[in-house]
Amino acid sequence: MASGNTLVIWRAQDGRPPSTNGMTFDLRNNHPVLDADDTTDESVDFEGVMPRNYAGGGVTVYIHYCDEAVAGVLIWQAAFERIGDGSQDIDSDGFAAAQSSTSLTVPATSGNVDIADIAFTDGAQMDSVAVGEAFRLRVNRDADNILDTLVGDANLLFVELKET
């Protein structure tokens, strides 16, 4: 993993499902997870404030997940929404274009955790989120992507936002 400051860490239970196609909360051996379906794109939103130690460069989103199957390929997506100071009416969504992970071959053992990474350049890919501004990060399983062949739920455990 690249060097840089960890800016925010979210747990599964910190997420909020959007009004449609939201990931569902579940427990796996008493570990909180969010289930992302294999037939429909499902998302979850995490809220935060960009920490003061953010130097203004690119960031990488690390998604800690496991799966219920033992074979297949999975694709995650993430997108930023700058709430900022007067930059977003919170009565509507305004996410920047989603960025995608590479095609991830899931662990061969159900329940083994893997970590996906999605890189963002500063500026438009991050919806121009700046130091001290509120934002949301939407994480989505791209289940309708022809390359996502994982049958069964993907289980999201943690999301880390790190400056790269």
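Everything here concerns the structure above.
Residues numbered from 1 in each chain as written. Predicted model: local features only at pLDDT ≥ 70, side-chain atom pairs only at ≥ 80, totals over all residues. Heavy atoms only, no water.

Now for the sheet that holds strand β11 (residues 134–141). Taken together, the four strands give an open sheet; going across it, the order is β4-β11-β7-β8, and neighbouring strands pair in antiparallel fashion. Both edges of this open sheet fall to β4 (42–49) and β8 (99–100), since each of them pairs with a single strand only. Across eight bridges, β4 lies against β11 in antiparallel orientation. If you follow Gly48 over to β11, its bridge partner there is Phe135. (Pairing = 2+ DSSP bridges. Helix = DSSP H or I, 4+ residues; strand = E, 2+ residues; numbered from the N terminus.)

This part is about the packing of aromatic side chains. Taken as a whole and assessed by the stated rule, the structure comprises five aromatic pairs. When the ring of Phe80 is compared with that of Phe120, the centres are 4.9 Å apart and the planes differ by 90 degrees; the resulting orientation is edge-to-face. Within this pair, whereas Phe80 is found in strand β7 (residues 76–82), its partner Phe120 is found in strand β10 (residues 114–120), the two being separated by 40 residues in sequence. The pair formed by Phe80 and Phe120 is uniform in burial state, with each residue classed as buried. Three or more aromatic residues link up through ring pairs in this structure, and these residues are Trp10, Phe46, Phe80, Phe120 and Phe135. (Phe/Tyr/Trp six-rings, centres within 6.5 Å; stacked < 30°, edge-to-face > 60°. Buried < 20%, exposed > 50% of the residue type's maximum accessible area, 1.4 Å probe, protein only.)

Before going further, it helps to examine unusual backbone geometry. Phi is positive for Asn29, close to 50 degrees, though the residue is something other than glycine. Mapped onto the elements of the fold, Asn29 is located in the loop between β2 (24–28) and β3 (31–36). For Asn29, a relative accessible area of 72% gives the class exposed. Backbone geometry at Asp127 places phi at a positive 55 degrees, although glycine is not the residue there. Within the fold, Asp127 resides in the loop between β10 and β11. Since its relative accessible area comes to 22%, Asp127 is described here as partly exposed.

We now examine the side chain of Arg141. Residue position: Arg141 is located in strand β11. Separated by 3.1 Å, the side chain of Arg141 and the backbone oxygen of Asp37 make a polar contact. Only 2.9 Å separates the side chain of Arg141 from the backbone oxygen of Gly152, close enough to count as a polar contact. (Polar contact = N/O pair within 3.5 Å; in protein donor to acceptor, adjacent residues only side chain to side chain.)

Okay, the environment of Ala98 next. Relative to the helices and strands, Ala98 resides in the loop between β7 and β8. A sequence separation of 27 residues divides Ala98 from Gln125, and the C-alpha atoms of the two residues are 7.9 Å apart. Each residue touching Ala98, except ones within four places of it in the same chain, is listed here: Gln77, Ala78 and Ala79. (Contact = heavy atoms within 4.5 Å.)

So, on to the pairing of β11. Burial within β11 is extensive, with seven of its eight residues counted as buried. With seven bridges connecting them, β7 and β11 associate as antiparallel partners. When the bridges of β11 are listed, Trp76 appears paired with Arg141.

So, about the nonpolar core. Residues Trp76, Phe80, Leu137, Val139, Leu156 and Leu161 are the most contacted members of the largest nonpolar core, which totals 35 residues. Counting residues per element, the ones that place at least two in this core are β1 (6–11), β3, β4, β5 (59–67), β7, β10, β11 and β12 (154–163). (Core = buried A, V, L, I, M, F, W, Y, C linked by side-chain atoms within 4.5 Å.)

Okay, the pattern of salt bridges next. As enumerated under the stated definition, the model contains nine salt bridges in all. Salt-bridge contacts for Arg82 lead to Glu133; the nearest nitrogen and oxygen are separated by 2.8 Å. Placement of Arg82 in strand β7 and of Glu133 in the loop between β10 and β11 is noted, with a sequence separation of 51 residues between them. Its relative accessible area of 11% is what places Glu133 among the buried residues. Asp93 is the salt-bridge partner of Arg136, the closest N and O atoms lying 2.6 Å from each other. Taken together, the residues Arg136 in strand β11 and Asp93 in the loop between β7 and β8 connect sequence positions 43 residues apart. Its relative accessible area of 15% is what places Arg136 among the buried residues. One continuous salt-bridge network, built from bridges that share partners, spans Asp45, Glu81, Asp93, Arg136 and Arg138. (Salt bridge = Lys/Arg side-chain N within 4 Å of Asp/Glu carboxyl O.)

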